[in-house]
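Chain residues, written in single-letter form:
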Amino acid sequence: MKLGIFSDVHGNLEALEAVLGFLEKEGVGSYLCCGDIVGYGADPCPCIERVAQLRGPVVAGNHDWGAIGRVSPGEFNSAARTSLGWTIEQLSENEVSYLDSLALTEELDPFYMVHSSPSAPRQWEYVFMLRDAEAEMRYFSSNACLVGHSHYPFVVEKKGHSPARLLRNRRFEVRPDTKYLVNVGSVGQPRDGDPRACCATYDTKARVMSTYRLEYDVVRAQDKIRGAGLPEFLAERLAAGR
Ligand code: ZN
């Protein structure tokens, strides 16, 4: 079976539809989401509905918890706070209880899922550097840990006592004797300078993970952000991938 893996949708329905359409064509049967369904983008409600329909494990992100009052607005920067206030006004009771039902971590062999970091899921810290990723390896016992949060895709592997290293292949085997920390990047707001949406697949039989970048209708997503009266910066950054 093939699993579809994605994270950080951030209310960007155009990017989410592009990713889900692609994953469906790839023959994906189950989906895993590493959180932040809402925040920043103009379609929080349709994105929640679409992700909930997939019925796969979804972990809570800081924006998901921010939208239901479980993370204080003071923990977000100004544009994020503005969009969070707007998002809160959009959510129905059902959508609030869906976000409230999300756990901080989930396990689905061979994966351990957490939005920010396995060492401190509630602290919402970023794992950016190879050194940080290496330190995180001892906080999960599964074969591979899937994270989101930084919107910056990377794969780090560590075998036994050898130093961790960055994997640059778009396709790699998840070997049972090696540990992996994988940030699948962001669907709705990539920040690595490439505006295309991020996602991945995992073939459970071959144990192969493949990562992808997909074009989507950025202009439509930007128009919706402007139409909703959200900060201009949130529209501009989608085109720049920053
Ligand atoms: Zn995020």
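Rules used throughout
Residues numbered from 1 in each chain as written. Predicted model: local features only at pLDDT ≥ 70, side-chain atom pairs only at ≥ 80, totals over all residues. Heavy atoms only, no water. 1 Å grid on protein atoms, 1.4 Å probe; cavity = no way out; pocket = protein on both sides within 12 Å on 5 of 7 lines; lining within 4 Å. Points joined across faces, edges and corners; volume = space filled by probe spheres on them. Helix = DSSP H or I, 4+ residues; strand = E, 2+ residues; numbered from the N terminus. Nonpolar A, V, L, I, M, F, W, Y, C, P; charged D, E, K, R; others polar. Buried < 20%, exposed > 50% of the residue type's maximum accessible area, 1.4 Å probe, protein only. Pairing = 2+ DSSP bridges. Right-handed = clockwise from strand over helix to strand, strands pointing away.

### Brief notes about empty space enclosed by the protein
Thinking step 1. One pass over the structure, following the stated rule, counts 1 cavity of 30 Å³ or more.
Thinking step 2. Of the volumes computed, that of the largest cavity is approximately 40 Å³.
Thinking step 3. Lining the largest cavity, in full, are Gly11, Asn12, Leu13, Glu14, Gly41, Ala42, Asp43, Ala221, Lys224 and Ile225.
Thinking step 4. Mapped onto the lining of the largest cavity, the elements with two or more residues apiece are helix H1 (13-25) and helix H7 (218-227).
Thinking step 5. By residue number, the principal contributor to the lining of the largest cavity is H7, which donates 3 residues.
Thinking step 6. Broken down by class, the residue content of the lining of the largest cavity amounts to 4 nonpolar, 3 polar and 3 charged.

### Some thoughts on the pairing of strand S4 (residues 111-114)
Thinking step 1. Neither face of S4 is exposed, since Phe111 and Met113 on one face and Tyr112 and Val114 on the opposite face are all buried.
Thinking step 2. Relative to S4, strand S3 (residues 105-108) is paired through 4 bridges, and the arrangement is antiparallel. When the bridges of S4 are listed, glutamate 106 appears paired with methionine 113.
Thinking step 3. Connecting S3 to the next strand, S4, in antiparallel fashion are 2 residues.
Thinking step 4. Of the pairings in the sheet, the one linking S4 to strand S5 (residues 144-147) comprises 3 bridges and is parallel in character. Within S5, the residue paired with phenylalanine 111 across the bridge is alanine 144.
Thinking step 5. Each parallel crossover has a hand, and for S4 linked through helix H6 (residues 130-136) to S5 it is right-handed.

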